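# Descriptive structure summary
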Amino acid sequence: ERDPRQVPTGWTGPVVNYLTFSAQWDGQWYQQIAASGYPAVLPVDSLGVVFNMWYLGWCDEAMSAFMESIGYGYKALRAQGYDAVLRNAELEWLDSLEAFQQAEVAVRVDHVGTTSFRLRYDIERVPGSDHAGGEPTRCAQVAITYVCVEIEGRKKAPLPLGLRAALVQDHT
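Reference entry: report on the structure contained in this document. Position labels on residues start from 1 in each chain and follow its written sequence. The model is predicted, so local features are restricted to residues of pLDDT at least 70 and side-chain atom pairs to those at 80 or more, both for listing and for counting; the totals for chains, interfaces and linings are taken over all residues. Only hydrogens and water are set aside when side-chain values are computed; all heavy atoms of the structure are taken into account.

We now examine helix H3 (residues 53–69). The terminal C-alpha atoms of H3, which comprises 17 residues, lie 25 Å apart, in line with the 24 Å expected from a rise of 1.5 Å per residue. Taken together, the buried positions of H3 are Met 53, Trp 54, Tyr 55, Gly 57, Trp 58, Cys 59, Ala 62, Met 63, Phe 66 and Met 67. Where H3 ends, the next residue or the one after it, Gly 71, has phi of about 85°, a positive value. Numbering of helices and strands runs from the N terminus; a helix is a DSSP stretch of H or I covering at least four residues, while a strand is a stretch of E covering at least two. Under the convention used throughout, the expected extent of a helix is 1.5 Å for every residue step, that is, one less than its residue count. Each residue is placed in one exposure class: buried if its accessible area under a 1.4 Å probe, protein chains only, is under 20% of its type's maximum, exposed if it is over 50%, and partly exposed if it falls in between.

Across the sheet, which stays open at both edges, the 4 strands sit in the order S1-S4-S3-S2 with antiparallel pairing between neighbours. Two strands close off the open sheet at either side, each with one partner strand: strand S1 (82–93) and strand S2 (103–112). Averaged over all pairs of adjacent strands, the angle between their axes in this sheet comes to 25°, without regard to strand direction. Should DSSP find at least two bridges between two strands, the strands are regarded as paired. In this sheet, strand S3 (residues 116–125) lies alongside S2 in antiparallel orientation, the contact comprising 9 bridges. Paired with Val 112 across the strands is Phe 117, a residue of S3. When checking whether two residues touch, look at their non-hydrogen atoms; a contact exists if any pair is within 4.5 Å. What counts as an axis is a line fitted to C-alpha atoms, over the stretch in contact for a helix, and the angles between N-to-C directions run from 0 to 180 degrees. Sheet strands touched by H3: S1, S2, S3 and strand S4 (137–150). Its angle to S3, the strand with the most contacts, is close to 120°. Taken strand by strand, helix H5 (residues 161–171) contacts S2 and S3, and its axis lies near 110° from that of S2.

Have a look at this one:
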């Protein structure tokens with residue numbers, strides 16, 4: 001069904017629906033991720049630098065692993081009727097990652113509110129990966145705020161007490 005806010009463009013053709021709209025913006029990559037997971041070798045630009053969109057993908061994977069580690073992975077959170085959705089993302093690139101270099105993502109709790117929390121991510125090039133040298137190099141710092149919503153009705157909700165306690169414990 002057509003969303004009245006979406007109008008036909010040269011990229012969508014006459015039919016505008018979720019599929020044609022989402023395919024406008026790197027849709028082929030998201031289709032590949034959904035079908036096969038993240039690629040082992042990421043696409044790079046003409047300078048050999050990893051496209052910036054992958055940094056948010058790494059943060060999403062790290063967030064999922066972190067939430068699992070504190071007992072509130074998506075399955076557990078959704079079983080309680082909640083989800084954590086991205087509200088705001090801030091990225092600062094400090095150095096580039098190139099083809100065949102490896103990175104690690106460190107996650108830490110930066111802030112815990114009533115209905116939201118913010119995680120900080122440090123993305124570092126792994127020493128010895130390709131021509132990266134011997135010391136870790138911070139390539140990006142990311143801060144993402146997530147808001148707790150009720151699945152039913154998708155309204156903002158207070159963080160479940162157990163989740164809030166786990167986040168506060170990790171923050172201190």
